[in-house]
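# Commentary on secondary and tertiary structure
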Amino acid sequence: MFKSLLLVLLISEVLTSNQTRPNIVFILADDLGWNDVGFHGSDQVPTPNIDALAYSGVVLNNYYVLPVCTPSRSALMTGMHPIHTGMQHHVLFANEPWGLPLREKVLPQYLKELGYVNRMVGKWHLGHFRASYTPTHRGFDSHYGYWSGHQDYYDHTAQDSLRYWGYDMRRDMEVHWKSYGHYTTDLFSEEAVDIIRRHDTTQPLFLYLAHLATHSANPYRPLQAPASTVKKFSYIADKNRRTFAGMLSKLDQCVGDVVVALAEQEMLNNSIIIFSTDNGGPAAGFNENAASNWPLRGVKDTVWEGGVRGVGLIWSPLISSAPRVANHLMHIQDWLPTLLYAVNGSTFECLDGHNVWANIATGSLTSYDDLLINIDNQRNFAALRKGDWKLIKGRTWNGSWDGWYGPSGRKPSYHYNVSLIYSSPAGVALANTSAALPTDPRDVLKMREHAQVSCGSQTGNITCAGPHAVCLYDLKQDPCEIDNLYHKYPQKVAELQELLERYNATVVPPNNKEADPKSNPKFWNYTWTNWMDKLQ
């Protein structure tokens, strides 16, 4: 224990004494499934650049996110659970006049006080009805991307819940028409690389790269990737999964581009890179998508593990205990206090998020014991985890997405090509750092095995039905939530329900509002805009 504490203090001293604080690059994928990355065991779609970071960094194997986009992004930005900011109920639709409350201090605002230059590329999805809710008014020095929840990958239009339809691509506050016709993932990759190349390295950089991939586009053409990329996956029989593979491949390529750019600018050795999804994958046609969470149960917008147990990793030469698979509990709300401690040694007791830097830096297992997944009283569901136990109360989608979805990707005709990881742009760039890939490929395979989830056959008590059902699972023995232990351990159920009620007593009402017809892009040159400012 003393040695672990001493190591954390020494790491903190090194970080805070550097002339330049470490750069932070946070890459957020959209709707990426647990089984859509190679380091969790899938052989179907190669992700060599993402895997290179994973196998030379720390894989976060008990990492939780919220079921959908807006709540997760609010937790990341504030370090607060959405039940305490009013962001817990569903997503923010582009036509709705609300956003992340202005009283909430967000990550780039904290970092600006530490001398960081804050750049954002990609999806915001935390409110744009007034300019004061948009990225460049909330601590970011620049933003290139879109304000709503999704867009077409080529024409950059977004169709919302009322079928309002308009263009949504911005450079800071201005509509960026020149983006039209160019693939979104490529645009974001080029922008991120350009930011890194132009950065004044006497100041630390925070780059928040929030991708559209692998989210579906508009319903009339949901899955989109360049034909030349999709063609590489002709061995995938399912057309939708094949196109999804192209989308994922372009995302992985972007990760490689960013790592190479950091290396070329001699920034990589003083950087922290995080890769995360915002929620689980929408599999088997949910949201017209083809992600895979196998063998986890459920999909995006459910509180099954497939909806909330997220793909996550952190890489940095500043982490001495890498590479490894970490099994301590972590929530997306933990990033803010963890990163602020890593770069400044600051501790924030007033936040819901926990500082887990010691767990990341030293490999210690204990972070905290209970983790609230979500409470949504409008939709009558909740879930939390305490130790290895998980309680689920209520249902989403009336239980219609309670199964196991998506291809396993583990077929004899495919094999995991370790050499592809070493030869990837990221793998080559990382070789020149102190956090390179293991010299022995067998160590990669061993780490991959530890990062996989293994489940037995679905022969347990899988029934957990009804809108008010309460279900209990032992995730250590049953990570795929096959065997409902509700009747077997009534005292444990009562204990977790009591804990859930304590959380529920602190819930604030959600901020969601009805759609405003005045938001319709047809009134604003067919663009999504900060319409409430323009009505005054």
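Throughout what follows, the structure given in this document is the object of discussion. This is a predicted model, so every value here is computed, not measured.

## Digging into the side chain of aspartate 301
With respect to the element layout, aspartate 301 can be found in the loop between strand S11 (271–277) and helix H8 (305–308). Only 3.0 Å separates the side chain of aspartate 301 from the side chain of tryptophan 397, close enough to count as a polar contact. Ignoring anything within four residues of it in the chain, the contact list for aspartate 301 reads Pro67, Val68, His90, Phe286, Arg379, Thr396 and Trp397.

## Side note on the packing of aromatic side chains
Counted by the stated rule, this structure contains 21 aromatic pairs. Judged by centre distance (6.1 Å) and plane angle (70°), the ring pair of tyrosine 63 and tryptophan 335 falls under edge-to-face. Separated by 272 residues along the polypeptide, tyrosine 63 in strand S3 (residues 63–64) and tryptophan 335 in helix H9 (residues 335–344) bring together distant segments of the chain. Looking at tyrosine 63, the relative accessible area reads 0%, which means it is buried. Taking 5.2 Å as the distance between ring centres and 50° as the angle between the ring planes, the aromatic pair formed by tyrosine 154 and tyrosine 183 counts as tilted. Taken together, the residues tyrosine 154 in the loop between strand S5 (142–146) and strand S6 (157–159) and tyrosine 183 in the loop between strand S9 (174–175) and helix H5 (184–198) connect sequence positions 29 residues apart. Assessed through its relative accessible area of 4%, tyrosine 183 is described here as buried. A connected cluster of aromatic rings, assembled from ring pairs, spans Phe26, Tyr63, Trp124, Phe140, Phe206, Tyr208 and Trp335. In this structure, arginine 297 packs its charged tip against the face of tryptophan 304, placed 3.9 Å from the ring centre.

## Some remarks on the packing of H5 against helix H7 (residues 239–264)
At their nearest, the axes of H5 and H7 sit 9 Å apart, and the two run at 10° to each other. Judged by the inter-axis angle, H5 sits roughly parallel to H7. Listed contacts from H7 to Thr185, Asp186, Ser189, Ala192, Val193, Ile196 and Arg197 of H5 are Lys250, Leu251, Cys254, Asp257, Val258, Ala261, Leu262 and Glu264. Taken together, the residues of the contact of H5 with H7 sort by class into eight nonpolar, two polar and five charged.

## With respect to the packing of helix H2 (residues 48–56) against H7
As a packed pair, H2 and H7 sit with axes 7 Å apart at the nearest point and diverge in direction by 55°. Relative to H7, the element H2 lies oblique. Each of Pro48, Asn49, Ile50 and Leu53 in H2 lies in contact with H7, whose residues at this interface are Asp252, Gln253, Val255, Gly256 and Val259. For the contact of H2 with H7, a count of residues per class yields five nonpolar, three polar and one charged.

## Overview of unusual backbone geometry
Among all residues except glycine, the phi angle is most often negative; among peptide bonds, the trans geometry is most common. For the bond running from tryptophan 294 to proline 295, omega is 0°, close enough to zero to count as cis. Within the fold, proline 295 resides in the loop between S11 and H8. With omega at 0°, the peptide bond leading from alanine 322 into proline 323 counts as cis. Structurally, proline 323 is set in the loop between strand S12 (312–315) and strand S13 (324–326). Positive phi is not limited to glycine here, since asparagine 380 has a value of about 60°. Looking at the element boundaries, asparagine 380 is found in the loop between strand S15 (370–376) and strand S16 (381–386). On the basis of relative accessible area, asparagine 380 is assigned to the partly exposed category, the value being 48%.

## Quick notes on the state of the cysteines
All told, the structure shown has one disulfide when counted by the stated rule. Here cysteine 455 pairs with cysteine 480 through a disulfide, and the sulfurs are 1.6 Å apart. Note on the cysteine 455 and cysteine 480 pair: the S-S dihedral is about 65°, so by sign convention the disulfide is right-handed. Of this pair, cysteine 455 sits in the loop between helix H13 (441–451) and strand S18 (470–474) while cysteine 480 sits in the loop between S18 and helix H14 (490–504), placing them 25 residues apart in sequence. Owing to a relative accessible area of 1%, cysteine 480 belongs among the buried residues under this scheme.

Conventions and cut-offs
Residues numbered from 1 in each chain as written. Predicted model: local features only at pLDDT ≥ 70, side-chain atom pairs only at ≥ 80, totals over all residues. Heavy atoms only, no water. Helix = DSSP H or I, 4+ residues; strand = E, 2+ residues; numbered from the N terminus. Polar contact = N/O pair within 3.5 Å; in protein donor to acceptor, adjacent residues only side chain to side chain. Contact = heavy atoms within 4.5 Å. Phe/Tyr/Trp six-rings, centres within 6.5 Å; stacked < 30°, edge-to-face > 60°. Buried < 20%, exposed > 50% of the residue type's maximum accessible area, 1.4 Å probe, protein only. Lys NZ or Arg CZ within 6 Å of the ring centre and 35° of its normal. Axes fitted to C-alpha atoms, helices over the stretch in contact; angles between N-to-C directions. Parallel < 35°, antiparallel > 145°, perpendicular 65-115°, else oblique. Nonpolar A, V, L, I, M, F, W, Y, C, P; charged D, E, K, R; others polar. Disulfide = S-S within 2.5 Å.

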